[in-house]
Amino acid sequence: MSTSTEIAEAPVEEMAPYDPATVVRHLRQELRHPLSTIESIAHYLNMVLPRTEAKARRQLVKLQEEVSQIQWVLADAAHFLQSTPPNTHLLDLTEVVARNLSEWNPVDGAGLSFALQPDLPLVHLDLEQMQHLLRNIVAFFRRISAPGRSVHLETVGADERVVLKITSTSVEYSPEDIEPLFEPFGSRFPAGTGLALASARTIAEAHGATIEVTSEPSHSLTLLISFPKA
């Protein structure tokens, strides 16, 4: 007499999908130490290398720039995915812009000019996220502007809003090119700006702000970020 034995198959457990924001947050934490170590080594080598080693010094500068770029890309991804919600405080937008950008004039590309209105109503802002937003937008505008042309920043009050206005008068974006600027990794983005405006919009919207870009036939591009008054 023959008998048959059925072996029950163990149920296959489906792996839960990873949350991208969590992955990026952990990547930033994991990479923080090795990147800071590389920066420290480069700084030490820069101090001990003889001044005559110009070529080696140039390579160290490039290494430090690449480390900064990696850190910025990771921060871009974290802000784009809003891995950490804004931790806001009542702040003066004019003061935040002046504090973070008045001395931030890298040697390459266009400079910055300001028309910042004092005594504007306070708004709810996360300082770290706003610093990233400001420098992202300015870096983007500087890269798309003609050499030697400045990027202009204004703060104004409008009804129940406080508005940050950034303008460049030396770019060639047509109206149909505007919305794709907010799409990640657009084909017309300069190198290193693939999430620049996308992450800026995410930060702005997390603060309850609106963000829009307009272009003019005279080769000007203007970005408006409108924050609700506190």
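A quick note: this is a predicted structure, and the numbers were derived from the prediction, not measured.

> Before we go on, may I ask you to explain the packing of helix α2 (residues 54-80) against helix α4 (residues 127-144) in this structure?
Each pair of packed helices can be summarised by the angle the axes make with each other and by the distance between the axes. For the pair α2 and α4, the least separation of the axes is 11 Å and the interaxial angle reads 115 degrees. Here α2 and α4 pass one another in a crossing that is left-handed. Only Gln129, His132, Arg135, Asn136 and Arg143 of α4 make contact with α2, whose side of the interface consists of Gln69, Trp72, Ala75, Asp76 and His79. Taken together, the residues of the contact of α2 with α4 sort by class into two nonpolar, five polar and three charged.

> When you look at helix α3 (residues 93-101) in this model, what are you seeing that I'm missing?
Each full turn of the α-helix corresponds to 3.6 residues, which orients residues three or four apart in the same direction. By the burial criterion, the buried members of α3 are Leu93, Thr94, Val96, Val97, Asn100 and Leu101. Taken end-on, α3 shows its buried residues confined to a sector of 165 degrees, consistent with a single buried face. The residue sitting at the N-terminus of α3 and contributing the capping side-chain oxygen is Asp92; that oxygen lies 2.9 Å from the backbone nitrogen of Thr94.

> Would you take a moment to explain the nonpolar core for this structure?
In globular proteins that are soluble, nonpolar side chains generally tend to be buried together. Membership of the largest hydrophobic core comes to 36 residues, with the highest contact counts inside it found for Leu93, Leu133, Ile137, Leu223 and Ile225. Secondary-structure elements contributing two or more residues to this core are α3, β3 (123-125), α4, β4 (151-158), β5 (161-168), α5 (196-206), β6 (210-216) and β7 (220-228). Per-element accounting of this core gives the leading share, eight residues, to α4. Apart from the residues lying within four places of it in its own chain, the contact partners of Ile137 are Ile166, Leu197, Ala200, Leu223 and Ile225.

What counts, and where the lines are drawn
Residues numbered from 1 in each chain as written. Predicted model: local features only at pLDDT ≥ 70, side-chain atom pairs only at ≥ 80, totals over all residues. Heavy atoms only, no water. Axes fitted to C-alpha atoms, helices over the stretch in contact; angles between N-to-C directions. Helix = DSSP H or I, 4+ residues; strand = E, 2+ residues; numbered from the N terminus. Left-handed = near helix turned anticlockwise from the far one by under 90°. Contact = heavy atoms within 4.5 Å. Nonpolar A, V, L, I, M, F, W, Y, C, P; charged D, E, K, R; others polar. Buried < 20%, exposed > 50% of the residue type's maximum accessible area, 1.4 Å probe, protein only. Arc of directions from axis to C-beta. Polar contact = N/O pair within 3.5 Å; in protein donor to acceptor, adjacent residues only side chain to side chain. Core = buried A, V, L, I, M, F, W, Y, C linked by side-chain atoms within 4.5 Å.

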